[in-house]
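Topology and contacts: notes
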Amino acid sequence: MYLCKLKFTIVTSSDSPETILRTVPLPEDCELEVISCKELDESRLTVCDCAVISDGDPAVLTKAAETKGVKTVLLAEGSQLKDLSAEQLDAAHDIFAMPDGLRYDETILAAHFRRLIATMKNEFDFRREKIYFETAIDSIPDLVWFKDSKGAHLIVNDSFCKLVEKTKEQIYKQGHYYIWDIPREEYEKGEFVCLESEDEVVAARKTCTFDEKIKTKGGMRQFKTYKSPLIDVNDEIFGTCGVAHDVTDLHNMNNELDVILEGVPFPMVVYDDNKVIVNANKEFYLMFGIHEQLAKTTVDEWMNRYVKGKVKKIANRDEFMINYGSEVRTVSFTQQNINDIFGETIGSMILFRDVTVERLYEERTLKEANTDFLTGANNRRSLDDHLEQIRKAEQITFITVDLDNFKQVNDAFGHHKGDEALQIVTRIMGECFPQDFISRLGGDEFLIVISRETAIEKVKEEVALFQSILRAEYLKIPEFINITTSIGIAIDTLASCGRYDFDKLLRHSDRALYKAKDNGKAQFFVY
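So, here's what we can say about the structure. Since we're looking at a predicted model, the values are computed, not measured. (Residues numbered from 1 in each chain as written. Predicted model: local features only at pLDDT ≥ 70, side-chain atom pairs only at ≥ 80, totals over all residues. Heavy atoms only, no water.)

Side note on the sheet that holds strand 21 (residues 524-526)
Read across the open sheet, the five strands follow the order 18-19-17-20-21; overall the sheet is mixed. What marks the edges here is a single partner per strand, and that holds for strand 18 (437-442) and strand 21. Taken over all neighbouring pairs, the strand axes of this sheet differ in orientation by 20° on average, direction set aside. Relative to strand 21, strand 20 (residues 484-493) runs parallel, the two sharing three bridges. Note on strand 21: the bridge partner recorded for I487 is F524. Across the sheet, helix 16 (residues 380-389) touches strand 17 (395-404), strand 18 and strand 19 (445-450), and the angle it forms with strand 18 is around 135°. Of the strands in this sheet, strand 17, strand 18 and strand 19 touch helix 18 (residues 415-432), which is tilted by about 10° from strand 19. (Pairing = 2+ DSSP bridges. Helix = DSSP H or I, 4+ residues; strand = E, 2+ residues; numbered from the N terminus. Axes fitted to C-alpha atoms, helices over the stretch in contact; angles between N-to-C directions. Contact = heavy atoms within 4.5 Å.)

Things to note about helix 19 (residues 456-475)
Between the first and last C-alpha of helix 19 there are 29 Å, a value that for 20 residues agrees with the 28 Å anticipated at 1.5 Å per step. Listed as buried for helix 19 are V459, E462, V463, F466, Q467, L470, E473 and Y474. All buried residues of helix 19 fall inside an arc of 135° around its axis, so they share one side. Turned more than 90 degrees from where helix 19 packs its buried face, E461 and L465 sit exposed. Elements that come into contact with the buried residues of helix 19 comprise strand 17, helix 18, strand 19, strand 20 and strand 21. (Expected span 1.5 Å × (residues − 1). Buried < 20%, exposed > 50% of the residue type's maximum accessible area, 1.4 Å probe, protein only. Arc of directions from axis to C-beta.)

Observations concerning the packing of aromatic side chains
Counted under the stated rule, the structure contains 12 aromatic pairs. Taking the centre distance of 5.4 Å and the plane angle of 45° together, the rings of F284 and W302 count as tilted. Of this pair, F284 sits in helix 13 (residues 282-288) while W302 sits in helix 14 (residues 299-306), placing them 18 residues apart in sequence. Neither residue differs from the other here; F284 and W302 are each classed as buried. A ring pair is formed by W302 and F352, whose centres lie 5.7 Å apart and whose planes are at 70°; its orientation type is edge-to-face. Taken together, the positions of W302 in helix 14 and F352 in strand 16 (residues 345-354) put the pair 50 residues apart, joining distant regions of the chain. The exposure class assigned to F352 is buried, which follows from its relative accessible area of 1%. Taken together, the ring pairs connect F284, Y285, W302, F333 and F352 into an aromatic cluster. Cation over ring: K166 sits above Y178, and NZ or CZ is 5.5 Å from the ring centre. The ring of F210 has K227 sitting right over it, with the charged end atom 5.6 Å from the ring centre. (Phe/Tyr/Trp six-rings, centres within 6.5 Å; stacked < 30°, edge-to-face > 60°. Lys NZ or Arg CZ within 6 Å of the ring centre and 35° of its normal.)

See the structure below:
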């Protein structure tokens, strides 16, 4: 089972940091081990992921920072930081600068710990995924490499190292002529050398195939290479990657094609210029759950039979859905023409890749960036994006919702009960306003944005119904019987304002909210 176990050592004379840290909600598949001590034990550092220094000699920061793999955090009040030297401050990976007199404030310190844990979990996941990647490419018998935009090798697999008889450390950031032990003058002539084709790949912005002869220590070798541009999130190319299959000993094109197909660790299918499938590797049959051979079947017939839905263009990728047992998988593919010696297209090959996990991760990352961690409601960042999207709506209504007596619940029963109350109000808002945008502004204050045209009386009915349902829900839980809601409503139309001033509309709904509270709470008021 995959589990991220984070080990904390807290140097402090107080129990508060450990208590607060243990109340922080943890990411999925994550657990903590926390030990508090008054002085830093060097033996503890060897098995510690993070040392939080709150009390004691600040010089301990330097000692902790020198321990490989240990993240150091300084917890101090603002006035205390002035007494520390630049060297001591630089020794800390992070600084929890707390207000004077509030070193162990639960809300602020818990927020610091949440961000710290999230960062450490992401670093743990990154290291884990790096191991996945390195293990995968080292398991491939073909040569695999990644270069930067200047042609320097950054990552290569074991097969690459074995052929050139150099270690990965020796190859790192080196050019072609050094790696293959070719005099620079001979390299620049281009004879019997893997000619630089990165420019062609970059210009095409897609995977390109090449037949390349390379002069090695063991003699001349013939490679079929596949080179692709590396494109970042800004659609800019920052390097290239390549896969090279040694076809030196192949005697004809059919044998070459068979070996290449089975050597590539991705599903691949080849078809002729009439779109009739002529070959496919075992990975292709495994991915699509095909048991019979597809010879003489056209690509279109296969697509109609096995592909779920239509091909979609996403950024620079082509993707479609397939049924994989009881699951639906997302598959990305790239197509490459096959040309004869005269440059005429005689067929094509398609390389497939299962990107289901990647798409789920992208969706989860996007959701986490735009939603409140505790309640699942939209956050302020998401609210700003939504308001930009609805600027041309004919009518916009802001409904500001605040929980009455919420602080009493936190004080009397603890923050975990307060969190439960916030989760309940978020759920009921979603049920009562399913078409509308719900955002948590902070604390126990929420904003419902309605961009549909709705009469004020209809809005009042919806708000009253929401208050009634929420009140009934809270009455089921003894700790929440005193919680009610005060609500402020503000409406504006594009016709009346010409251009929406959302800050002004929010102020109006806030004023209406305060009016509702001044009138005795547990009610709503329209600005």
